[in-house]
Amino acid sequence: MQELSICESIVGVIEQQAVAQSFKKVNMVRLEIGPLAGVEIEALNFSFDVVTRGSIADGAKLEVIALPASGWCAPCAMSVPVKQRFDPCPTCGSYQLQITGGDELRIKDMEVD
Ligand SMILES: [Zn+2]
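Residues numbered from 1 in each chain as written. Predicted model: local features only at pLDDT ≥ 70, side-chain atom pairs only at ≥ 80, totals over all residues. Heavy atoms only, no water.

Peer 1: Where do I start with the coordination of the zinc ion in this structure?
Peer 2: Geometrically, a metal with four donors at the corners of a regular tetrahedron has ideal angles of 109.5 degrees, and one with six donors at the corners of a regular octahedron has ideal angles of 90 or 180 degrees. Looking at the metal site, the zinc ion is ligated by Cys 73 (SG), Cys 76 (SG), Cys 89 (SG) and Cys 92 (SG), spaced 2.2 to 2.4 Å from it. Metal-centred angles of 104 to 116° between the four donor atoms at the zinc ion mark the site as tetrahedral. Written as a sequence motif, the donor arrangement for the zinc ion is C-x2-C-x12-C-x2-C. For Cys 92, a relative accessible area of 41% translates into the label partly exposed. (Donors = N, O, S within 2.8 Å, 3.2 Å for Na, K, Ca; no water. Tetrahedral: all angles 85-135°; square planar, octahedral: opposite > 155°, others 65-115°. Buried < 20%, exposed > 50% of the residue type's maximum accessible area, 1.4 Å probe, protein only.)

In structure tokens, the structure reads:
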């Protein structure tokens with residue numbers, strides 16, 4: 001399950017930050033996730049609970065901010081919203097879309113003590 005390893009790396013980042021900024025507890029972690037990141041939010045929440053147990057982020061709340069995906073349509077010469085990879089352009093129906101965003105997965109910020 002890739003959500004598990006995602007959470008493991010998130011906790012790794014948090015623990016690095018804890019050392020760098022000398023905080024002792026994490027109350028909430030806010031993630032930004034694009035629809036093309038291929039992450040299942042439910043699985044992510046579950047994995048986060050499992051992985052953070054006993055860590056500095058034990059009991060922390062996970063908040064997910066869903067980012068929109070976008071692509072560049074060559075025929076339209078403009079940026080258009082995309083729901084998933086390989087979708088046609090919603091304006092002209094062309095498949096010549098170049099995905100320009102939506103696979104983000106990053107920690108936006110966190111609340112710490
Ligand atoms: Zn188009």
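From this point, things continue past the structure.
Peer 1: Would you mind showing me how to read the confidence of the model for the chain here?
Peer 2: Low pLDDT means the predicted atomic positions in that stretch should not be read closely. For the chain, per-residue confidence averages 95 on the pLDDT scale, and 99% of positions sit at 70 or higher. For the chain, the element scoring lowest by mean pLDDT is strand 5 (residues 97-101), at 93; strand 1 (residues 26-33) scores highest, at 97. (pLDDT = per-residue confidence, 0-100. Helix = DSSP H or I, 4+ residues; strand = E, 2+ residues; numbered from the N terminus.)

Peer 1: Mind showing me how you'd approach helix 2 (residues 41-52) here?
Peer 2: Residue pairs spaced three or four apart in an α-helix point in one direction, given the helix's 3.6 residues per turn. Compared with an ideal rise of 1.5 Å per residue, which puts twelve residues at 16 Å, helix 2 spans 16 Å between its outermost C-alpha atoms and is within 8% of the ideal. Among the residues making up helix 2, those that are buried are Ala 43, Leu 44, Ser 47, Phe 48, Val 51 and Thr 52. Angular distribution of buried residues about the axis of helix 2 spans 140°; they occupy a single face of the element. Seen from the open side of helix 2, the exposed residues pointing more than 90 degrees away from its buried face are Glu 42 and Phe 46. Contacts made by the buried residues of helix 2 are with helix 1 (2-21), strand 1 and strand 2 (61-66). In the segment just after helix 2, Gly 54 is the residue with positive phi, at about 80°. (Expected span 1.5 Å × (residues − 1). Arc of directions from axis to C-beta. Contact = heavy atoms within 4.5 Å.)

Peer 1: Where do I start with the nonpolar core in this structure?
Peer 2: Taken as a class, soluble globular proteins show a tendency for nonpolar side chains to be buried jointly. Judged by nonpolar contacts, the single largest core of 19 residues is most densely connected at Ile 14, Val 26, Val 29, Leu 31, Leu 44 and Phe 48. Sorting the residues of this core by element identifies helix 1, strand 1 and helix 2 as the ones contributing at least two each. Ranked by residue count, the leading element in this core is helix 1, at six residues. Not counting residues within four places of it along the chain, the set of residues in contact with Val 29 comprises Ile 14, Phe 48, Lys 61, Leu 62, Glu 63, Ile 107, Asp 109 and Met 110. Membership of the second largest hydrophobic core comes to seven residues, among which are Cys 73, Val 80, Val 82 and Cys 89. (Core = buried A, V, L, I, M, F, W, Y, C linked by side-chain atoms within 4.5 Å.)

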